[in-house]
Structures are given as structure tokens and as C-alpha cells.
Amino acid sequence: MDSVIVIIQIILICIFAMSISMKLLRTKSMVHHWNEYRYPMWFMNVTTLLELVGVIGLVIAFWIPEFLKFSGVLFTFLMLGAIHAHFVRAKHKPIMALNALAMLILSIVIILF
């Protein structure tokens, strides 16, 4: 099971690193979605910071495994918020929240194992 967890760690690090960079660069698609969610732009910075903390925790967890659960819990809350933003705030179709759902499931897996 350890190798599966390491693979999940790497996947989460990569996906959230992309998300962080898109938010920091204020890509057109990210700004467009953020406007659809009707969140203020400063909240994008808060979300980016929290994602960065989670990624740092996942990297540290390669040496100090206790950080894995911390990052998993943090990402679980962030992905629940993302799913809420897609469905409730922006009223997107379910396909739009597929990535957030996948990251939520992976985050829960690292919490449980």
C-alpha cells in the first residue's frame, strides 16, 4: 500500500502545483471560473496559499509521514469547497467538478491509509 500512497502523493503534488501556478499567473480560464464562482480575487490568493501549504506538506511527508494526513485533511476541505463552488455558486454541469472530485477522493485515501 505504501507505493500506492507515494503515487497518490506525486499525483496530488503535480495537480496542485498546476493549480497554484494557474492562480499565481492569473490565467484567463482561472480568472473566468473565479468570476463565475462570485468569489473576490483576494480569496484566490488565500486558496493558492492553502494549496501551497498542502503541497509543501506532501513533499515533507516523504521524510516525515505525519504531514501526509495534515495535507490530506487540508486538501479534503479545499476540494469540498471547490465542489461547492462548481455546483452551488457557479451552477456548473457535473463534468466541471470532475477534477475536484478526483482530488477529493485521492485526499481521502491518503487520510485513511
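The structure presented is a predicted model; accordingly, all values stated were derived computationally and were not measured.

(A) Fine view of a nonpolar patch on the surface. A cluster of nonpolar side chains, namely Val6, Ile10, Leu49, Leu52, Val53, Ile56, Val59, Phe62, Trp63, Ile64, Phe67 and Phe70, defines an oily patch on the protein surface of about 1,100 Å² accessible area. Contributing elements (two or more residues each) for the nonpolar patch: α1 (2–24), α3 (41–60) and α4 (66–89). With five residues, α3 is the single largest residue contributor to the nonpolar patch.

(B) Focus on helix α5 (residues 98–112). With 15 residues, α5 should reach 21 Å at 1.5 Å per residue; the first-to-last C-alpha distance of 21 Å fits that figure. Taken residue by residue, α5 has Ala100, Met103, Leu104, Leu106, Ser107 and Ile110 as its buried positions. Summarising the contacts, the buried residues of α5 are in contact with α1, α3 and α4.

(C) Fine view of the packing of aromatic side chains. Here the structure, examined in full by the defined rule, presents eight aromatic pairs. On the numbers, 5.8 Å between centres and 70° between planes, the contact of Trp34 with Tyr37 is edge-to-face. A residue pair is termed a helical-turn pair when its members lie 3 or 4 positions apart in one helix, as Trp34 and Tyr37 do in helix α2 (residues 28–37) at three residues. Tyr37 matches Trp34 in its accessibility class, with the two residues each being buried. Between the aromatic rings of Tyr39 and Phe43, the centroid separation amounts to 5.2 Å while the plane-to-plane angle is 55°, which identifies the pairing as tilted. Ring pairs connect the aromatic residues Trp34, Tyr37, Tyr39, Trp42 and Phe43, which therefore count as one cluster.

Definitions and limits used
- Numbers given to residues run from 1 along each chain, matching the order in which its sequence is written.
- Totals for whole chains, interfaces and linings use every residue, but because this is a predicted model, local features are given only for residues with pLDDT of at least 70 and side-chain atom pairs only at 80 or more, for both listing and counting.
- Note that the side-chain values use all heavy atoms of the structure and ignore hydrogens as well as water.
- In this scheme, patches are assembled from residues that exceed 30% relative accessible area and form no salt bridge. Like charges are connected within 9 Å, while nonpolar side chains (Val, Leu, Ile, Met, Phe, Trp, Tyr) are connected within 5 Å.
- Note on areas: these come from Shrake-Rupley sampling with a 1.4 Å probe, and a residue is covered only by the protein chains present in the view.
- Each salt bridge in this description consists of a side-chain nitrogen of Lys or Arg and a carboxyl oxygen of Asp or Glu lying within 4 Å of one another.
- Here a helix means four or more residues in a row that DSSP labels H or I, a strand means two or more in a row labelled E, and each is numbered from the N terminus.
- One less than the number of residues in a helix, times 1.5 Å, gives the span that helix is expected to have.
- For the exposure calls, accessible area comes from a 1.4 Å probe over protein chains only, and a residue counts as buried if that area is under 20% of its type's maximum, exposed if over 50%, partly exposed in between.
- Here, residues are in contact when the closest pair of their heavy atoms is within 4.5 Å.
- Classification of ring pairs rests on two measures: the distance between centres of Phe, Tyr or Trp rings, Trp counted by its six-membered ring, which must be within 6.5 Å, and the angle between planes, read as stacked under 30 degrees, edge-to-face over 60 and tilted in between.

Distances and angles like these do not, on their own, reveal function.
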